[in-house]
Amino acid sequence: MSLAPGTKLGPYEILARLGAGGMSEVYRAHDSRIRRDVAIKVLPPTYAKFADRLHRFEQEARAVGALNHPNLLTIFDAGTADGKPYIVTELLEGETLRSHLRESGLAVKLPIRKAVDYSIQIANGLAAAHERGIVHRDLKPENLFVTTDGRVKILDFGVAKLRSADDFALSDDETMEQDTSPGTVIGTVGYMSPEQVRGQSVDHRSDLFSLGTLMYEMVSAEHPFRSDSPADTMSSILREEPPDPSASNPNVTPGLERVIRHCLEKSPAQRFQSARDLAFQLETLSSGSGTMPTVETAVLSHPRTAAIATGLALLIAGLIVGWLLRGQLDVARRPMPRFSQLTYDEALEMSPSIAPDGENFVFSRASANGYDIHLQRVHGRNAINLTKRCRTADTQPAFSPDGSQIAYRSECEGGGIFVMGATGESSRRVVDACFNPSWSPDGKRLVCGTENVGFMPTSRGTTSSLWTVDVQTGQRQLLLDRDGVQPSWSPNGHRIAYWGIVGETAQRDLWTIDPDAKNPRASIVRVTSDAAVDWNPVWSPDGQYLYFGSDRNGAMNLWRIRIDEKSGRTRGEPEAITTPARYSGGYSMSRDGKLVFASIDQSEAMRSVAFDPILGTTTGEPKPIVAGSFLVFSSQVSPDGRLVAMTNRGGQEDLFIADVATGEIRQLTNDAARDRGATWSPDGKKIYFYSQRDADRYEIWSIHTDGSNLVRVTTTQGRSAWYPAAANDGKRISFYNDENSFVQTDGKIEPLPPAPDNFHPAMTAWSPDGTMLAGELRNAPGIAIYTFADRTYRRLTNSGAHPVWLPGGREILYGDGSRLRIVDAATARIRDVTTTMPIGTMSLSADGRTMVYSERRTSADVWMMELTQ
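Predicted model, so just to flag it, every value in this text is computed and none were measured.

A. Representation of the nonpolar core. Within the largest apolar cluster, 50 residues are counted, with the highest numbers of intra-cluster contacts made by Leu97, Leu211, Met215, Leu256, Leu278 and Leu282. Those elements giving two or more residues to this core turn out to be helix H4 (112-130), strand E10 (144-147), strand E11 (152-154), helix H6 (204-220), helix H7 (230-239), helix H8 (254-263) and helix H9 (275-285). For this core, the leading source of residues is H4, giving eleven residues. Residue contacts for Leu256: discarding those within four places in its chain leaves Ile112, Val116, Val219, Leu282 and Leu285. Grouped together as the second largest cluster of nonpolar side chains are 22 residues, Val453, Phe455, Ile563 and Ala860 included.

In structure tokens, the structure reads:
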């Protein structure tokens, strides 16, 4: 399986082999896009043959990739190239802890100070992972790396769980596999906890036992449970107490010995209850000499001095005990999540809703007709299609409080909110508008929003109102006339939580409202107010917490905030309840506290391909530009076809330029402002984009391609300005907002005439001669043009998006699903483009000969979270 130097894995070039383990080989590689050397772990090709293994491998890599801590190995990317699954990590300089514990093949003791320092770092790294629901389960010296500057990095989080049963061998250096269900042994024999040896379910306290074993070995140069055979070692872990480490090393203080023994308790309940507590206790031992003075050594000979010293020591001890107890109480209050995957199909499985009794759940699954709603047992694998009779999209299901009905959004019969029985019977439309329904606790009303919300809260731009609907009569009542989406009715009916856009900014916050107040708007209480994107609220069964999605830690994941259900006032700060997903959403909670959600992952490949604008066909093979986890919000190829300007999606959104030939990426902006909609000037010397960098709204900006001369281009009133486009004369730019399209000429802004009532175009593409603008309709599928000479609009198609003019100025290229099509602007005649690639968004060079397009892949599965307390 060895890879020769020069071999390419996606965008990575292999430089040298670094080593190998039982299941993989590790290489030094170079990422030419950002000129960085990385480490790549390549798994056997057999992994690619087993979808479940590959899926688990990718899930674990994503889970750990969401962590960011100095004592955890940073994962940059994961993928598959030529049938070889791989993960990409930071490149470390140093050696494993095992190498530190060996000298000329013999075991050696570490200095006490160094052993304690390493242990503190490991405990802090574990704490960061545990607080996000990730348990290592294979902590051993081979999985700990000590860098040249003395920093300890924990390796192989979760990946060690993926070893196949064929690799199973009971040796101290081999990891047993894979299945995480009770009754299966997982871990490395010499470092297993008793619960691992018994094949029982494990939690974060199992890692603390393994760390205790490591600490024992570091200070004594002996293993606490080593026996003649693996079977005897396992028996020793279950039944025997190891000798005091001080018997092998008299420098081990009583305090350190007590910490190690506390970690090695057979019962998890008797160990430290969190890695944070363990780290704190180790830090109290880490004084100047690596020892901690005891009360006896602190007492002086004079009786009065001795009494004062004794009292002071007792006071300090009491404060430490009180701090620890308070920390343990805080940890006890913090939930410890346990996750399980519920769906595994290759199709997108999203928008789950769990039944009140927690036994079944419904979700939407992608199909040839769009989406269908399926019903499945929580512990089952066979899903039943409930809406196959409707040949359009059915999404956003929501169980009624008694579990007898399901409300959902359907595009059947013109669209609206429908209600059906729990097994799909007696479907009927309740209201002909609205999205994301939520039931009142008595099951008599629904609340819904007038704008659809998918899984991209940052892409919303219009305003949605909230309405309540009588389930029996369909009678509607306006609840909120300002922006509100994805409402969630509280368990006792006191309030409805929702999220919305703050003015014209990029900020998304949470609010609650009393649905039965005489003046509901006066009852609104704000839940969050900061720069983070907060969305998708859902109440806990007791109404004491509001769970929601947020990107406040850098990735879109699950958070919660304590709240008073009656008043809507918060009772604390948001706290992370991180899911093992790069991106999660679609939260729903049962009466017994089970929470289901969709785990979503996207990868994107930006490619270039030759295009014949006359024949309307792509020619030759596509060439990669950017691929992997770099997700693009928008992009456009330069007029000469040599560069691509793009803005990344998610977290901090900045401007980048990529070289079409080499894939090399340069970053132009790097700040908290969201920079979007990159497009080129006709001469290719600068880039226009929209940003909210010095205002509470988006305006149009420009920047030179070398990153200099950042200039604000527009100063508008009212709604934000979006998606600039430059005319070839170099004097005019167009942009649009939620109400209209505009053209700015020499600093003067003029709106285009109002469009006909039946469509609302967003004009984004200038014809080569500057006499027309093309755009997609915002309220319906289709392409339209505006002609400056007669100031009129004309609709050309009933489907499609992303129009691009061909060089002749007569035809428009556009995307229509996974197809490319060309429409004649004069005759509206449509012809298909001949291509073998699935192309969505794309752009063309000025001569129409170079096409750059994005190929996005999305996977989504339903997961469940259960809180242990």
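B. Representation of the sheet that holds strand E45 (residues 711-712) within the structure. Within the open sheet, the four strands sit side by side as E42-E43-E44-E45. Their pairing is antiparallel. If you trace the sheet from one side to the other, it starts and ends with strand E42 (675-680) and E45, each paired once. Sheet topology places strand E43 (residues 686-691) next to strand E44 (residues 699-704); six bridges connect them, and they run antiparallel. Counted as the bridge partner of Lys686 is His704 from E44.

C. A look at the packing of aromatic side chains. On inspection of all chains with the given rule, the structure shows 17 aromatic pairs. Seen from their ring centres, Tyr545 and Tyr547 are 6.5 Å apart, and the 50° between their planes marks the pair as tilted. With a centroid separation of 4.9 Å and 50° between ring planes, the pair formed by Tyr786 and Tyr793 is classed as tilted. Across the pair, exposure class does not vary: Tyr786 and Tyr793 are buried alike. Over the aromatic face of Trp701 sits the side chain of Arg693, whose NZ or CZ is 5.6 Å from the ring centroid. We note Arg732 situated over the ring of Phe788; from NZ or CZ to the ring centre the distance is 5.5 Å.

D. Summary view of the sheet that holds E11. With antiparallel pairing, the three strands of this open sheet are ordered in space as E7-E10-E11. A single partner strand is all that each edge strand has here, and the edge strands are strand E7 (94-96) and E11. On average, each strand axis in the sheet is inclined to that of its neighbour by 25°, with strand direction left out of account. Note that E10 and E11 share three bridges and pair antiparallel. Looking at E11, one finds that Leu144 is bridged to Ile154.

E. Inspection of the pairing of strand E20 (residues 405-410) at higher detail. With five of six residues buried, E20 lies mostly within the body of the structure. Across four bridges, strand E19 (residues 394-399) lies against E20 in antiparallel orientation. Bridge assignment links Thr395 to a residue of E20, and that residue is Arg409. The hairpin turn running from E19 into E20, its antiparallel successor, is five residues long, and Gly403 in that turn takes a positive phi close to 75°. Counted between consecutive antiparallel strands, the loop separating E20 from strand E21 (residues 416-421) contains five residues, among which Glu413 sits at a positive phi close to 55°.

F. Seen up close, the pairing of strand E29 (residues 508-513). Burial within E29 is extensive, with six of its six residues counted as buried. Where burial is concerned, the two faces of E29 agree: the one with Arg508, Leu510 and Thr512 and the one with Asp509, Trp511 and Ile513 are both buried. When strand E28 (residues 496-501) meets E29, the two strands line up antiparallel, connected through six bridges. Across the sheet, residue Ala497 finds its bridge partner in E29, namely Thr512. Pairing between E29 and strand E30 (residues 525-526): two bridges, direction antiparallel. Pairing of Thr512 across the sheet is with Val525, part of E30.

Thresholds applied
- Residues numbered from 1 in each chain as written.
- Predicted model: local features only at pLDDT ≥ 70, side-chain atom pairs only at ≥ 80, totals over all residues.
- Heavy atoms only, no water.
- Core = buried A, V, L, I, M, F, W, Y, C linked by side-chain atoms within 4.5 Å.
- Buried < 20%, exposed > 50% of the residue type's maximum accessible area, 1.4 Å probe, protein only.
- Helix = DSSP H or I, 4+ residues; strand = E, 2+ residues; numbered from the N terminus.
- Contact = heavy atoms within 4.5 Å.
- Pairing = 2+ DSSP bridges.
- Phe/Tyr/Trp six-rings, centres within 6.5 Å; stacked < 30°, edge-to-face > 60°.
- Lys NZ or Arg CZ within 6 Å of the ring centre and 35° of its normal.
- Axes fitted to C-alpha atoms, helices over the stretch in contact; angles between N-to-C directions.

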